[in-house]
Each structure stands twice: as C-alpha cells, then as structure tokens.
Amino acid sequence: MLFAADRASAQPPFEPNDSLLTAAGPLANNTTYTAADETENDVDYFYFYVTTPSTAQLTFTLTNLGGGFSEPYVWGEITESHGYEIAELESVRAANYDTTSISLEAGKYYFRVQGGSGYGASYKFTTSGTDGAFGDFAAIAARCAAATGPVNTYQSQLATAQANLRRAQARWNKVRYSRNRKAKRRARAKLQRTKETVAAEKQSLKAAEAGQKPWCFIPQ
C-alpha cells in the first residue's frame, strides 16, 4: 500500500505491488511515502529511474512507524532491474530508522521493503538525490530517440554503400580478365573505393549504436 505523505489529499493505495511486475512508481525525488507490512509474507516493491548521463547520488531513509504483531521490524533493499540486491538498509525496529546512500548510473531500479519477526508494522521512506535521480522515463525515451536518429541514417548509408559495392564487384568480375587495361584499372579502383566506403559506414554505424546505450535498453 503506497501513499505520498506530503500531498494535501489522501491518495488511493497502489496495491498490489508485491512483485517486480506490479511494482508501484515511479518514485519521485524529495518525497515521503508511507505503507505497511500488511501480512506475514508481504513484500512491497517500488520502482524508480535514474536519467542522468553520469552517475546520480540517491539517498533512502526507511522509518518503522510501529504497530503490528510480535514487535515487527522492516528492512529495505535497492535492486537493479532484475531484482538483484545492490544496497541494503539495516533491519529497522519500531520508532527507529536507517539511511543509505548509493551512486547509480542511468537505468531502472527497485526499492523493496519487507518485514520479519511479525507483521503489520507501518513504515515510511523518504527519497532524495542529485540531478537525474528519481527522474521520469520520458527523459530516457527522449535520449533513446535522439541516439536512434543517427543509427537510422548510417543504416541507410550502409545499405547504399553495400549496393554500390555489389555493382562494383560485378563490374570488376566482368572486366578482370579483359585486355582493356584502362577499364580494369577503373573497375579495380572503383571496387577499392566502395570497399573503403562500406568499411567506414560500418564503423560509423557501430559508433552510433553504441550511443544508444544505455538509453534504448532501459525497460519501462
């Protein structure tokens, strides 16, 4: 169950958010969220994006608000897009809190909260970070689109160069055993130039495709 505590009016819960596929979000910067460890096996997932070309510094503060059964505690984990842990907050008992900071590159990440030794505790967590922390996916999509434009251009240019190479190869195959030395020189030179052009276009395409990373490979 997820609420933005610093908003004026109550927000409806975002449950179910008990898996990566149903995670609530995206989380915003400088915002406090409240939720609860509702059942004995409850795990809450929240997702967020880092949208800076360099690294961003992010901080999470998790507070156990108490309540529940058998003195429950909660702990939090930051995971990468497949759910593998990359940072952890210590187990937090009632009326206590823990804070962790981490530097992250552009990508989609998750904040996972779960309880132990009982259940029913309410908790809150607060986000904060530098520019690009807790960003919007639109920024990632825009960078992907900008990087994809050159890829499309070089793909088209490479296709044209490869067509020219096929024609040059066919011309060379036709005259290579000819006694016309002038025609052979021209055909050979043309073939060499088109081979060099194809090689250059391949290198340009490879460089352009590298520019799509990580933006075009970040899941929404």
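From a predicted model like this one, the values you see are computed outputs, not experimental measurements.

What to know about the state of the cysteines
Following the criterion strictly, the structure yields one disulfide and no others. In this model, Cys144 is linked to Cys216 through a disulfide, with the two sulfur atoms separated by 2.1 Å. Torsion about the S-S bond of the Cys144 and Cys216 cystine: about 110 degrees, corresponding to right-handed handedness. With Cys144 in helix H1 (residues 137-175) and Cys216 in the segment after helix H2 (181-210), this pair connects stretches of sequence that are 72 residues apart. You can call Cys144 buried: its relative accessible area is 19%.

What to know about the packing of H1 against H2
With their axes 8 Å apart at the nearest point, H1 and H2 run at an angle of 160 degrees to one another. Taken together, the axes of H1 and H2 lie roughly antiparallel to each other. The element H1 and its partner H2 pack so that their crossing is left-handed. Of the residues that constitute the contact of H1 with H2, the class distribution is 16 nonpolar, eight polar and eight charged.

Examining the confidence of the model for the protein chain
Counting all residues, the mean pLDDT for the protein chain is 91, and 94% of those residues have values of 70 or more. Across residues 1-12, confidence stays below pLDDT 50; counting only partners more than four residues off in sequence or on other chains, it has 29 contacts.

Quick notes on the environment of Ala168
Residue placement: Ala168 occurs in helix H1. The exposure class assigned to Ala168 is buried, which follows from its relative accessible area of 4%. What Ala168 contacts, discounting residues up to four positions off in sequence, is Lys190, Leu191 and Thr194.

Section: unusual backbone geometry
Put simply, Gly25 and Pro26 share a cis peptide bond, and its omega is 0 degrees. Structurally, Pro26 is set in the loop between strand E1 (3-4) and strand E2 (32-36). A positive phi angle is found at Ala95, which is not glycine, with a value near 70 degrees. Position of Ala95 relative to the elements: it lies in the loop between strand E6 (85-88) and strand E7 (97-104). With a phi angle near 55 degrees, Phe134 is a residue other than glycine that sits in the positive phi range. Residue position: Phe134 is located in strand E10 (residues 133-135).

Comments concerning the nonpolar core
The biggest cluster of nonpolar side chains holds 25 residues, and the ones touching the most others in it are Leu27, Phe48, Leu58, Phe60, Phe111 and Phe125. Among the elements of the structure, E2, strand E3 (43-50), strand E4 (56-66), strand E5 (73-79), E7, strand E8 (107-116), strand E9 (122-129) and E10 are those that each provide at least two residues to this core. Among the elements that line this core, the one with the most residues is E4, at four residues. Once residues lying within four places of it in the same chain are set aside, the contact partners of Phe125 are Leu27, Thr31, Thr32, Tyr33, Phe46, Phe60, Thr61, Leu62 and Phe111.

Cut-off values and rules
Residues numbered from 1 in each chain as written. Predicted model: local features only at pLDDT ≥ 70, side-chain atom pairs only at ≥ 80, totals over all residues. Heavy atoms only, no water. Disulfide = S-S within 2.5 Å. Helix = DSSP H or I, 4+ residues; strand = E, 2+ residues; numbered from the N terminus. Buried < 20%, exposed > 50% of the residue type's maximum accessible area, 1.4 Å probe, protein only. Axes fitted to C-alpha atoms, helices over the stretch in contact; angles between N-to-C directions. Parallel < 35°, antiparallel > 145°, perpendicular 65-115°, else oblique. Left-handed = near helix turned anticlockwise from the far one by under 90°. Nonpolar A, V, L, I, M, F, W, Y, C, P; charged D, E, K, R; others polar. pLDDT = per-residue confidence, 0-100. Contact = heavy atoms within 4.5 Å. Core = buried A, V, L, I, M, F, W, Y, C linked by side-chain atoms within 4.5 Å.

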